[in-house]
Amino acid sequence: MSFKKYFNFANLRLAWERMLRWTDPTVKDYWGIKVFESNLDQKLNQLSQKLINGEYAPIRPQKFYVPKPSGTQRTKTKLMVQDALVYQAIVNIIAYESYEKLSEYDYCVFGNVLNEEVEEGVELLSSVDSEKTPTFFFFKSYPNLYNDFATFVNTIIVEDEIRFKLETDITGFFDTIPHFRLLSKLSDEYSVEDEILELLSDCLDCWSGTREQETFDIGIPQGPDPSFFLANIILHDLDVLMEEKGVDGYCRYMDDIRIYDNDTNNLFSAMIEIDKYLKGYALSLNSSKTQIKEILDKDSDDSIIDFHVDYESADMEVSKILDKLYKEHGLEDKFSHQAKRTTKNKKITYEEVSGKENIIKFWKEELSFVENRFPIFIDNNSQGQLELIATKSNVERKFLDLAFKYRIALQNLKSLINVEETESNGETPSLMSLVKIEDIESYENTLKYWLFLLNQYPWRAYHYCMVLNEFPTDENLKKGLFKLIETFQFYEWTVHHLFLTLSISQKFEETELDALIDSISRYTDYGKVGLYKLLIYHCETELLNSKLYSLLQKEPNKYLKKELIDFFIEKRSGNFDSNDLFKSFGL
C-alpha cells in the first residue's frame, strides 16, 4: 500500500518536475531525461508499475570528483533518471507530511530550505493552469536565502553589536552519515513506512561511495537535491537544541554552523553540545575549522558562509542590474518588466527601451567597474607575476560577484554586435550596429585576471569558465587554458570545464585536434567528457572523425558514450544516420 502512496503516477510526475529543477545542473542525467521526455506519461507509468510490483532495482550511478580549497576532492553523484525520480518521489512525501515541523526553524537555516509549494503536495500539479503558476522548485531560491543570511549577520554584528562567534562544520558530512541512524530517525520521528525505508536503504547502498568503491551502510550521494533534504533532517534537532539554548544568534547552512554571543563561555558550551549531538550520529566536528574568536571588523564579517552558487539561480539576480539601468538612465518602464521576464536570454532590443545610447553606456560601465576592481585585490609582484594582495578572507566571494557582473554585461554588449540594419525593410532599426566587436577592449584588459583566478581557485572553474566562454578566439586565451589543463590534469572537474571553454571560444588546426585525440587516455572520465565534446564539435575531416569514432568504440564507459551521443546530435543535427551513429559509438 505504501508503494502506491509514494510511487503513484502523480507523485512521480511531481518528482519529474522537481528533478528537472535540481540546483546542480552537473548531476542531472540529461541523456535519460531526453529518453523519458520522448514519451513521458508512458515512461512514468512503467516506472510506477515496476516499483509497485517490486521489480525496480537501483543502478550504480556515475561519479565525478570536484576539487576543494584544501586540495582534496568532493565526490559528486549523477543518478540515472529513474533513480533520481525514485529518490525525489520518496522525499516528496516525507517533506509534504512534515512540512510544518521542518519549516519551524527556517529563520535560522539558510541552505536548502523547503519551498512553500511543498506544503501542497501533488495538488500542486492541478494548479498549473491557475493564475499563480507553480515553480515546482523543491527548495527556496539561493538569492533570497543569501539575502536573508546577510541581513541576519548584519543585525547580529552591526545592530546588536555581538562580540564573539563560533564557527564550525562537520567532517566529511555527506560521506559519513550512517544509514542506520538516518533510517531510524525517518522511522521514529517522521513515520516513514518500513518497506520504503528498506528500499531507501538498498538505494543508498548502491548510490553511496566513490567511483571506485561502494561504501555500504554509510554516506549519502552528494549532488541530488533529496540528499540535501535528508542531511537537513539529520541536523533539524540540532537547530532546535541551539535555539532552545538561548545563544544570541545561531545560523546554519547545511553543515556550516555559526553561533554568535557576547559571552565566550556560552559559545564553548554550545560547541560541546554540538559535539555531543553529532557523536550520537557517528559524526564529528571538523577540528581544523572549529574556532571561537572575537569579531574585530563589524562592517565585514569574514565568516560569510560559502553558499554554493550556481549560475542558473544566480541569473535571477540580473533583474537587480536591470532595475539599476532603469533608474539611472531613465528607461521606459516597459523595458524593466519585459527584461525581467526574459532574463534567461539577457538580450535587449530596440523595441523594449528608450535611451538606446544609455544601454550601451551602462553595460560598458559595468565592464569598466570590474576592470577597475581587479587591481584592488590583485597586483604584480617583483617578478612581474600576478598575486593576491593580502585582504579579508571573503575576497573569493567578491571575485565570484565580479565574474557574474562581468558575464552579464558582456553578454548584453555582445547581443548588440554584428546584426544587420533593418531600416531598408521599413522595420524599426536595431541597436546592434551601435557596438563593434573592437569596442569591447575589456577582453584583453581582463584576460590575465580571469586566467589568474582559474589558477588560484580551480574549484571555482565553472564560474570563471562561464566568463571566458564569452570571449572571442584568442591565442593567449587558448595557450592559457591549455597551461591550466596541464597544471590541474588530476582535477577532472576543472579539466572538464577548461576543455568545454576551449570548445566554445577557440579554433583548432587539424594537427592540434589529432594531438588531442591521441592525448585522451591521460584523463579520467569527467575530464574525457569535456575533451570528447571539444573533438565532436571541431573535428570535421573524414580522417579525424574516423580516429574519433574508433576511440569511442573502445571507450569502456557506456554511459559516457550515451552522453556524448546526445551532444553529437545537438551539435550536428540532421547530418547523420542515427543507426550508423550508435554503431560508430560502439552501442
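Above: the structure in question.
Note that the structure is a prediction, hence the values are computed from the model and not measured. (Residues numbered from 1 in each chain as written. Predicted model: local features only at pLDDT ≥ 70, side-chain atom pairs only at ≥ 80, totals over all residues. Heavy atoms only, no water.)

Participant: What should I look at first to understand the side chain of K165 in this one?
Facilitator: On the secondary structure map, K165 appears in strand β3 (residues 164–168). One polar contact links K165 to E167, side chain to side chain, over a distance of 3.3 Å. (Helix = DSSP H or I, 4+ residues; strand = E, 2+ residues; numbered from the N terminus. Polar contact = N/O pair within 3.5 Å; in protein donor to acceptor, adjacent residues only side chain to side chain.)

Participant: How do you make sense of unusual backbone geometry when you look at a structure like this?
Facilitator: Working note: non-glycine residues mostly have negative phi, and peptide bonds are mostly trans. The backbone phi angle of N112 is positive, close to 55 degrees, even though this residue is not glycine. In this fold, N112 is placed in the loop between α6 (99–102) and α7 (142–159). Taking the relative accessible area as the measure of exposure, N112 reaches 13% and is therefore buried. Unlike most non-glycine residues, A282 shows phi in positive territory, near 60 degrees. Residue placement: A282 occurs in the loop between α12 (264–279) and β6 (291–294). (Buried < 20%, exposed > 50% of the residue type's maximum accessible area, 1.4 Å probe, protein only.)

Participant: Would you take a moment to explain the pattern of salt bridges for this structure?
Facilitator: Pairs can form between side chains of opposite charge once their charged atoms are near each other. Enumeration according to the criterion identifies 27 salt bridges in this entry. The closest approach of N and O atoms between E193 and K5, which form a salt bridge, is 2.9 Å. Of this pair, E193 sits in the loop between α9 (179–190) and α10 (194–207) while K5 sits in helix α1 (residues 2–7), placing them 188 residues apart in sequence. Among the residues examined, K5 registers a relative accessible area of 29% and is labelled partly exposed. For R13, the salt bridge identified is with E17, shortest N-O distance 2.4 Å. Here R13 pairs with E17, and both are found in helix α2 (residues 9–20), just four residues apart, close to one helical turn. Here R13 falls in the partly exposed class, since its relative accessible area comes to 23%. Accessibility expressed as a relative area gives 12% for E17, which makes it buried. Overlapping salt bridges, with partners in common, bring together K101, K185, E189 and D237 in one network. (Salt bridge = Lys/Arg side-chain N within 4 Å of Asp/Glu carboxyl O.)

Participant: In this structure, what is going on with a negative patch on the surface? I would like to understand it.
Facilitator: Together, E100, E104, E119, E120 and E123 line one region of the surface with negative charge. Position of E120 relative to the elements: it lies in the loop between α6 and α7. (Patch = residues over 30% accessible without salt bridge, like charges linked within 9 Å, V, L, I, M, F, W, Y side chains within 5 Å. Areas by Shrake-Rupley, 256 points an atom, 1.4 Å probe, with all protein chains shown as cover. Lys, Arg positive; Asp, Glu negative; His and termini not counted. Charge placed at Lys NZ, Arg CZ, Asp CG, Glu CD.)

Participant: Looking at this structure, how should I read the packing of helix α18 (residues 442–456) against helix α19 (residues 461–468)?
Facilitator: Between α18 and α19, the least distance of the axes is 9 Å, while the angle of their chain directions is 160 degrees. By the criterion of interaxial angle, the relationship of α18 to α19 is roughly antiparallel. By crossing handedness, the relation of α18 to α19 is classed as left-handed. Contact residues: α18 offers L447, W450, L451, L453 and L454, while α19 offers A461, Y464, C465, V467 and L468. For the contact of α18 with α19, a count of residues per class yields 10 nonpolar, no polar and no charged. (Axes fitted to C-alpha atoms, helices over the stretch in contact; angles between N-to-C directions. Parallel < 35°, antiparallel > 145°, perpendicular 65-115°, else oblique. Left-handed = near helix turned anticlockwise from the far one by under 90°. Contact = heavy atoms within 4.5 Å. Nonpolar A, V, L, I, M, F, W, Y, C, P; charged D, E, K, R; others polar.)

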